[in-house]
Amino acid sequence: MSKASKRLYEFGPFRLDPSERLLLRDGNPLPLTPKAFDTLLVLVENSGHLVDKDELIGRVWPDTFVEDGSLTRNISVLRKLLGEDSTDDQYIETLPKRGYRFVMSIRQFEGEELVVRRARVRIVTEEEVEDGADGLATTRERLNLSEAARSLAVLPFKLLGTDTTEEYLGMGLADVLITKLSNIRRIIVRPTSAVFQYAGWSRDATQIGRELRVELVLEGTIQKLNDRLRVTVQLVSINEAAPIWADQFDEKLADIFEIEDRISEQLAAALTLKLSTAESETLRKRYTEDSAAYQSYLKGRYFWNRRSPDGVNKAIECFEKAINRDPGYALAYAGLADCYNIAGFWVYLSPEDAFPKAAAAATEALKLDDTLAEAHASLAWATLHYDRDRQTAETEYRRAIELNPGYVTAHQWYALLLMQEARFGEASSELRRAQEIDPLSLAVNFNIGLLLIFTKRYDEAIAELRRTLELEPNYFIARSFLALSYWFKAMPEECLAEYQRCVDLSSANLAALGFGYAITGKSAEARAVLHELEDGVGYAYVSPVSLAQIYLHLGETDRAIEYLERGYKERDPWLLWNKVNPVFDSLHSDPRFQDLLARIGLSA
């Protein structure tokens, strides 16, 4: 973009950069969803003028039907982000039943020219009301971080050369550094799940950093020659778009541990972080001295992050190989537990085949090292879904968060337990914390949509799930619950279309389409799906709860109860949602359903 065409807007301590889609406060980027950014941009471009609600919705959501609540929520988020309180419309004025006006003075830069635009004088009437919505507190407030705390993304290291068999090294080294650095409480580190998509990246680190909404990016390359490694790293300031520290490390492949230790320690020094004794020990901690075991572990994490059935199976093989080389390798046991947990929940394996193995691996990891937050969270997940021991699971989740407040998965999983018990306020707090750590997490943003469904706030759920799908259109679970939200809003065509798209993404989602047929009155199609699923051919495991949903909405309550009882016996993980899942609202007066809830620790 040429200088003449680049627009920048300044107001108060803020700068709005439309070309880079950034909102900065005192030079620091602020987290903002795409639609919230668009809302702010339209208001700023029309500063001093009323923007009608319908016009604003049309500009932000073109060719899409959106309820007023979506706009109201965006305005509320913007007000919180800009620092307005309930008595001061310093930036955005509400004109009841009409629209909004940006009232702060704007300084507009166009190339070298400075254009000053003054907003009109604001007149406040007694009728003016503040829109009500929960805003996000700042990351530092929510995570108890000091003012010196910074946000960092460690990108997958780029492998130089043509040997693709070593591709795992780049992702593996990044994953290990993320695990080490996330234990430092004065820095927020984006989790591996947030950066995995950039494996093999070729884009500028500054651009990626803006997408991930961080202040700093650590990037690097790995060059392997026979048994030696050369690792080059640089720490890039996103605000300055320039490196602020760089170094090069040459070691034998067997001494890769030394490279990790030196990168971690020198990075902490570059950030001028004063580490506690425990944090310093964590940075230097090695979970194995066996290079071959370590290589297998890195491969395991590489395959695990693919989150596919094939990837999980390969990861299990790698973690088991690492354990065979070093039976005292706690991190490898934790990785194995993660694999079996995801295989059980997403029915790559039956619950009987997955969760006991997950619990055993997590328990072994904790015998070797009780300070592993990941193992505590994995044990909690397996204990909850197989033993249905909610008290132990909650204790383990709390312990994981205590050990590593920046471990996003622990906050997210704990929120799910709280949701199942209808402890929605606590669940919301945990999800907000998780979102602050990883604002672009598909799972976290989807879980916020799930919470809105379970609290019967369907308009907001639709808006949240649509935002999630803007991040990843193929995220089928978000699409499935978007379909459900459409049904609760009496939008059957949109509902069925989304369920059909789920099956288009994967035939494993057939049960979702069967449910869609049932709730939209297509009984014959729903029964055809039931016939195929009950036959079971071609499926590793069919959730009895998914079949119960279909039968219930075909009017066959007794058959639905039978499948729920089968789900109880088979320890179907989806059974744990029955207390809050509105799909089963019609069963709450049935004593058999209440008895079932009591047996899984969820009685009213």
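All values reported here derive from a predicted model rather than from experimental measurement.

Draft legend 1. Region of the structure containing the overall build of the protein chain. On a plain count of helices and strands, the protein chain comes out with 26 helices and 15 strands. Of all 604 residues assigned to the protein chain, the portion counted as buried reaches 54%. Across the protein chain, contacts joining residues at least 24 apart in sequence account for 59% of those joining residues at least 6 apart. Split by element, the accessible area of the protein chain, about 25,800 Å² in all, is 48% carbon and sulfur.

Draft legend 2. Main features of the nonpolar core. Counting 90 residues, the largest nonpolar core has M419, F446, I453, F481, Y499, L564 and F584 as the members making the most contacts within it. By residue number, the principal contributor to this core is helix 16 (residues 408–420), which donates nine residues. Those residues in contact with I453, other than ones at most four positions away along the chain, are Y458, A461, L465, F481, L484, S485 and P582. Listed in part, the 82 residues of the second largest apolar core include L229, A332, A337 and A359.

Draft legend 3. Spatial organisation of the sheet that holds strand 7 (residues 99–102). Spatially, three strands are ordered 5-7-6 in an open sheet, and the strand pairing comes out antiparallel. Edge positions in the open sheet fall to strand 5 (51–52) and strand 6 (92–95), since each of these has one partner strand only. Sheet topology note: the strand 5/strand 7 ladder contains two bridges and is antiparallel. From the neighbouring strand, V51 faces strand 7, where its bridge partner is Y100. The sheet strands contacting helix 3 (residues 68–82) are strand 6 and strand 7, and the helix crosses strand 6 at an angle near 145°.

Draft legend 4. Broad picture of the pairing of strand 3 (residues 22–25). Two elements, strand 2 (residues 14–17) and strand 3, share four bridges in a ladder whose sense is antiparallel. Along strand 3, the bridge assignment pairs D17 with L22. Where strand 2 hands over to strand 3, the hairpin turn is made up of four residues, of which R21 adopts a positive phi near 55°. Here strand 3 folds back onto strand 4 (residues 28–29) in antiparallel fashion, the turn holding two residues, of which D26 has a positive phi close to 50°.

Draft legend 5. A look at the pattern of salt bridges. Under the criterion given, the structure shown has 31 salt bridges. Salt-bridge contacts for R59 lead to E45; the nearest nitrogen and oxygen are separated by 3.3 Å. Linking R59 in helix 2 (residues 53–60) with E45 in helix 1 (residues 34–45), this pair joins segments that are 14 residues apart in sequence. Of the charged contacts, one joins E394 and R398 as a salt bridge, the two residues approaching to 3.5 Å between their closest N and O atoms. With a gap of four residues between them, E394 and R398 both fall in helix 15 (residues 390–403), about one helical turn apart. The network of salt bridges with shared partners includes R390, E394, R398, E421, R423 and E426.

Draft legend 6. Representation of the pairing of strand 15 (residues 242–252). Bridge count for strand 14 (residues 228–237) against strand 15 is ten bridges, and the pairing is antiparallel. Within strand 15, the residue paired with S237 across the bridge is A242. Joining the antiparallel neighbours strand 14 and strand 15 is a turn of four residues, in which A241 adopts a positive phi near 55°.

Draft legend 7. Geometry of the packing of helix 1 against helix 2. Close contact between helix 1 and helix 2 brings their axes to 9 Å; oriented N to C, the two are set at 125°. Looking at the two axes, helix 1 sits oblique to helix 2. The handedness of the crossing between helix 1 and helix 2 comes out as right-handed. In this structure, helix 1 uses K35, D38, T39, V42, L43 and E45 to contact helix 2, whose residues at the interface are L56, R59 and V60. Along the lines of polarity and charge, the residues of the contact of helix 1 with helix 2 split into four nonpolar, one polar and four charged.

Draft legend 8. Main features of helix 17 (residues 424–437). For helix 17, built from 14 residues, the straight-helix expectation of 20 Å at 1.5 Å per residue is met to within 8% by its first-to-last C-alpha distance of 20 Å. Every buried residue of helix 17 is accounted for by A427, S428, E430, L431, R432, A434, Q435, E436 and I437.

Draft legend 9. Fine view of the packing of helix 15 against helix 16. Viewed as axis vectors pointing N to C, helix 15 and helix 16 meet at an angle of 150°, and their least axial separation amounts to 9 Å. Between helix 15 and helix 16, the angle is such that the two are roughly antiparallel. For the element pair helix 15 and helix 16, the recorded crossing hand is left-handed. Residue-level contacts link R390, A393, E394, Y397, R398, A400 and I401 of helix 15 to A410, H411, W413, Y414, L417, L418 and Q420 of helix 16.

Draft legend 10. Expanded view of helix 2. For helix 2, every residue scored as buried is listed here: L56, I57 and V60. All buried residues of helix 2 project into a common sector of 100° when viewed along the axis, lining one side. The inward-facing, buried residues of helix 2 contact helix 1, strand 5, helix 3 and strand 7. Of the residues that open helix 2, the one with a side-chain oxygen 2.9 Å from the backbone nitrogen of D54 is D52.

Cut-offs used in this document
Residues numbered from 1 in each chain as written. Predicted model: local features only at pLDDT ≥ 70, side-chain atom pairs only at ≥ 80, totals over all residues. Heavy atoms only, no water. Helix = DSSP H or I, 4+ residues; strand = E, 2+ residues; numbered from the N terminus. Buried < 20%, exposed > 50% of the residue type's maximum accessible area, 1.4 Å probe, protein only. Contact = heavy atoms within 4.5 Å. Areas by Shrake-Rupley, 256 points an atom, 1.4 Å probe, with all protein chains shown as cover. Core = buried A, V, L, I, M, F, W, Y, C linked by side-chain atoms within 4.5 Å. Pairing = 2+ DSSP bridges. Axes fitted to C-alpha atoms, helices over the stretch in contact; angles between N-to-C directions. Salt bridge = Lys/Arg side-chain N within 4 Å of Asp/Glu carboxyl O. Parallel < 35°, antiparallel > 145°, perpendicular 65-115°, else oblique. Left-handed = near helix turned anticlockwise from the far one by under 90°. Nonpolar A, V, L, I, M, F, W, Y, C, P; charged D, E, K, R; others polar. Expected span 1.5 Å × (residues − 1). Arc of directions from axis to C-beta. Polar contact = N/O pair within 3.5 Å; in protein donor to acceptor, adjacent residues only side chain to side chain.

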